[in-house]
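Here is how the chains run, residue by residue.
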Amino acid sequence: MPIIGVGLLYTEGYFTQYLNLDGWQQEKYIDNDFYTMPLIQLEDEKGDPLLIEVEFPDGVCKAAVWKIEVGRNPLYLLDTNIPRTRRASAW
């Protein structure tokens, strides 16, 4: 059965845990670099990043769309961390 997944793309994914010199657990958050991951940023017909709008009661949320293949199934991930300069030029 064909299936398509939709989810959210996070700049800060999971964190790495380690113990400091005093033996206390610490966390280290590493920003994901989407351009070095097996993701493809989808583009519109002009070659610009594909952006969508999702309406909420308090306003509109804009998101870029990325795609990754999970086995034979596409997973589309929405990225709301869009720089203002790109957002302004794309809209």
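You'll find the structure just up there.
Residues numbered from 1 in each chain as written. Predicted model: local features only at pLDDT ≥ 70, side-chain atom pairs only at ≥ 80, totals over all residues. Heavy atoms only, no water.

*Asks:* Would you mind showing me how to read the layout of surface pockets here?
*Replies:* If you roll a probe as big as a water molecule over the atoms, it shows you where there is empty space left. Taken as a whole, the largest pocket encloses approximately 160 Å³ of empty space. As for the largest pocket, its lining consists of Leu8, Leu9, Tyr10, Gly13, Tyr14, Asn32, Phe34, Met37, Pro38, Leu39, Ile68 and Leu77. Split by residue class, the lining of the largest pocket holds 10 nonpolar, two polar and no charged. (1 Å grid on protein atoms, 1.4 Å probe; cavity = no way out; pocket = protein on both sides within 12 Å on 5 of 7 lines; lining within 4 Å. Points joined across faces, edges and corners; volume = space filled by probe spheres on them. Nonpolar A, V, L, I, M, F, W, Y, C, P; charged D, E, K, R; others polar.)

*Asks:* Looking at this model, I keep getting lost on the side chain of Asp79. Mind explaining?
*Replies:* For Asp79, the location among the structural elements is in strand β7 (residues 73–79). Engagement of the side chain of Asp79 in a polar contact is seen with the backbone nitrogen of Asn81, the distance being 3.0 Å. If sequence neighbours within four positions are ignored, Asp79 has contacts with Leu9, Phe34, Lys62, Ala63, Ala64 and Trp66. (Helix = DSSP H or I, 4+ residues; strand = E, 2+ residues; numbered from the N terminus. Polar contact = N/O pair within 3.5 Å; in protein donor to acceptor, adjacent residues only side chain to side chain. Contact = heavy atoms within 4.5 Å.)

*Asks:* Looking at this model, I keep getting lost on the pairing of β7. Mind explaining?
*Replies:* The side chains of a regular strand alternate, first on one face of the sheet and then on the other. One ladder, built from four bridges, connects strand β1 (residues 5–8) with β7; its direction is parallel. Within β7, the position partnered with Val6 by the bridge is Tyr76. Pairing geometry for strand β6 (residues 59–70) and β7, over seven bridges, is antiparallel. Along β7, the bridge assignment pairs Val65 with Leu78. Connecting the antiparallel pair β6 and β7 is a turn made up of two residues, with Gly71 showing a positive phi of about 70 degrees. (Pairing = 2+ DSSP bridges.)

*Asks:* What am I meant to see in the packing of aromatic side chains here?
*Replies:* Pairs of aromatic rings are described using the distance from one ring centre to the other and the angle between the two planes. Going through the model one piece at a time under the given rule, you end up with three aromatic pairs. Aromatic side chains Phe15 and Tyr29 sit 5.3 Å apart centroid to centroid with 55 degrees between the ring planes, which places their arrangement in the tilted category. Here Phe15 is found in strand β2 (residues 12–19), whereas its partner Tyr29 is found in strand β3 (residues 25–31), with 14 residues between them in sequence. Judged by centre distance (5.3 Å) and plane angle (65 degrees), the rings of Phe34 and Trp66 are edge-to-face. With Phe34 in the loop between β3 and β4 (40–41) and Trp66 in strand β6, this pair connects stretches of sequence that are 32 residues apart. Of the two residues, Phe34 and Trp66, both sit in the buried class. Three or more aromatic residues link up through ring pairs in this structure, and these residues are Phe34, Tyr35 and Trp66. (Phe/Tyr/Trp six-rings, centres within 6.5 Å; stacked < 30°, edge-to-face > 60°. Buried < 20%, exposed > 50% of the residue type's maximum accessible area, 1.4 Å probe, protein only.)

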